[in-house]
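Survey of secondary and tertiary structure
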Amino acid sequence: IKEKKRHMGDTKHFCPVSLKENFVLCPGLYEHAAKYQEKLYYFSTSEHREKFLKNPEDYVAHNEPIQAPPLRVCLIGTHGAGKSTCARQVAEKLGIFHIQFEEYLQELILPKTKGKVGPSFEEEPEEDDDKIPILAEELEGFSQSMTEIETEKSKQEVELTDEEEAIKANLVNNEALPAEVLDNIVPDWWRKEPFRSTGFILDGFPRTLDEAQYLSERGLCPDVVVFIEVEESDILDRLFPPRLKKWKERQQKKMEKKKKLKDLKAKIRV
């Protein structure tokens with residue numbers, strides 16, 4: 001006996017509750033299925049199945065077909081793989097937003113840090129002027145001026161909130177972002193305008209297994225996940241030259257400062 005062809009619901013194998021409430025295409029599971037008006041619907045969780053059964057008319061099509069959400073893409077890969085370059089080109093071609101995750105985090109704390117933070121933006125520590133063997137009497141006025149400048153600078157520093165501290169720790173020390181911090185950032189790209197109706201390519205997120213698990217638990221399903229794999233030699237060829245140039249600039253700056261201090265010492269002796 002041939003099995004009767006199953007008539008699937010308006011959202012096919014995607015959960016109608018996830019689509020209605022979160023505007024995402026989340027695959028339904030066979031164990032969470034239900035039949036309504038001779039059509040079979042699949043749900044991502046048992047809770048969504050119960051919601052549907054209580055008010056099925058809220059989740060089915062009526063006069064017009066149910067609208068599908070726009071394209072959401074997650075682009076992942078190692079640092080230096082070219083994610084941002086590819087993401088910008090794809091976003092421009094498809095007419096969707098390009099979101100560079102770490103750059104977005106930088107922008108959130110930039111008003112208070114006054115500069116980008118993290119290993120790529122750290123300057124080498126410079127020698128303190130008070131360690132130079134110059135007579136204290138000759139540098140008394142200079143040291144006093146430096147102290148006043150540092151005092152004024154500390155007054156201007158703004159205290160970071162707990163969320164901003166967590167973001168800074170993530171950028172500087174690669175500490176995991178708490179779920180409550182991610183809740184204030186990530187869901188908006190799926191649920192709020194203009195991203196909700198336009199779509200996006202999310203560059204550099206998720207970065208860890210915990211972040212991928214976070215997306216799954218929140219029902220924030222990307223339509224496509226692209227992993228860029230590049231040879232290590234290509235990454236070195238791409239990243240090493242600009243870092244070498246930056247190192248040379250730092251060394252040049254350091255040598256110039258030493259020369260100025262040497263000239264100052266000679267002038268004081270005279």
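Residues numbered from 1 in each chain as written. Predicted model: local features only at pLDDT ≥ 70, side-chain atom pairs only at ≥ 80, totals over all residues. Heavy atoms only, no water.

1. Things to note about the pairing of strand S3 (residues 72-77)
The side chains of a regular strand alternate, residue by residue, between the two faces of the sheet. Bridge analysis of S3 against strand S5 (residues 200-203) gives 4 bridges, and the strand direction is parallel. Bridge assignment links Arg-72 to a residue of S5, and that residue is Phe-200. Sheet analysis places S3 next to strand S6 (residues 224-228), joined by 5 bridges and oriented parallel. What sits directly across from Gly-77, in S6, is Ile-228. (Pairing = 2+ DSSP bridges. Helix = DSSP H or I, 4+ residues; strand = E, 2+ residues; numbered from the N terminus.)

2. Quick look at helix H4 (residues 101-113)
Three or four residues apart is the spacing at which side chains of an α-helix point the same way, because the helix has 3.6 residues per turn. Between its terminal C-alpha atoms H4 stretches 18 Å, which fits the 18 Å expected from 13 residues at 1.5 Å a residue. Approximately 35° is the largest bend angle found in H4, and it occurs at Glu-107, with the proline Pro-111 only one to four residues beyond. Along H4, the residues classified as buried are Phe-101, Leu-105, Gln-106 and Ile-109. For H4, the secondary structure elements touched by its buried residues are strand S4 (97-100), helix H6 (162-173), helix H7 (179-183), helix H8 (187-191) and S5. If you check the start of H4, you find a side-chain oxygen 3.2 Å away from the backbone N of Glu-102, and it comes from Gln-100. Within two residues after H4, Lys-114 carries a phi angle of roughly 65°, on the positive side. (Expected span 1.5 Å × (residues − 1). Bend = angle between axes of the 7 residues up to and from the residue. Buried < 20%, exposed > 50% of the residue type's maximum accessible area, 1.4 Å probe, protein only. Contact = heavy atoms within 4.5 Å. Polar contact = N/O pair within 3.5 Å; in protein donor to acceptor, adjacent residues only side chain to side chain.)

3. Quick notes on the packing of aromatic side chains
Inspection of the entire model under this criterion finds 10 aromatic pairs. For the pair Tyr-41 and Phe-52, a centre-to-centre distance of 4.9 Å together with 40° between the ring planes defines the contact as tilted. Of this pair, Tyr-41 sits in strand S2 (residues 39-43) while Phe-52 sits in helix H2 (residues 46-54), and the two are 11 residues apart along the sequence. Residue Tyr-41 is classed as buried on the basis of its relative accessible area, which comes to 3%. Taken together, a centroid distance of 6.3 Å and an interplanar angle of 85° make the contact between Phe-101 and Trp-189 edge-to-face. (Phe/Tyr/Trp six-rings, centres within 6.5 Å; stacked < 30°, edge-to-face > 60°.)

4. Describing the sheet that holds S4
Spatially, the 4 strands line up as an open sheet ordered S4-S5-S3-S6, and their pairing is parallel. Only two strands of the sheet have a single neighbouring strand rather than two, namely S4 and S6. Between one strand axis and the next, the sheet turns by 20° as a mean value, whatever way the strands run. Against the sheet, H4 engages S4 and S5, with an angle of about 70° to S4. (Axes fitted to C-alpha atoms, helices over the stretch in contact; angles between N-to-C directions.)

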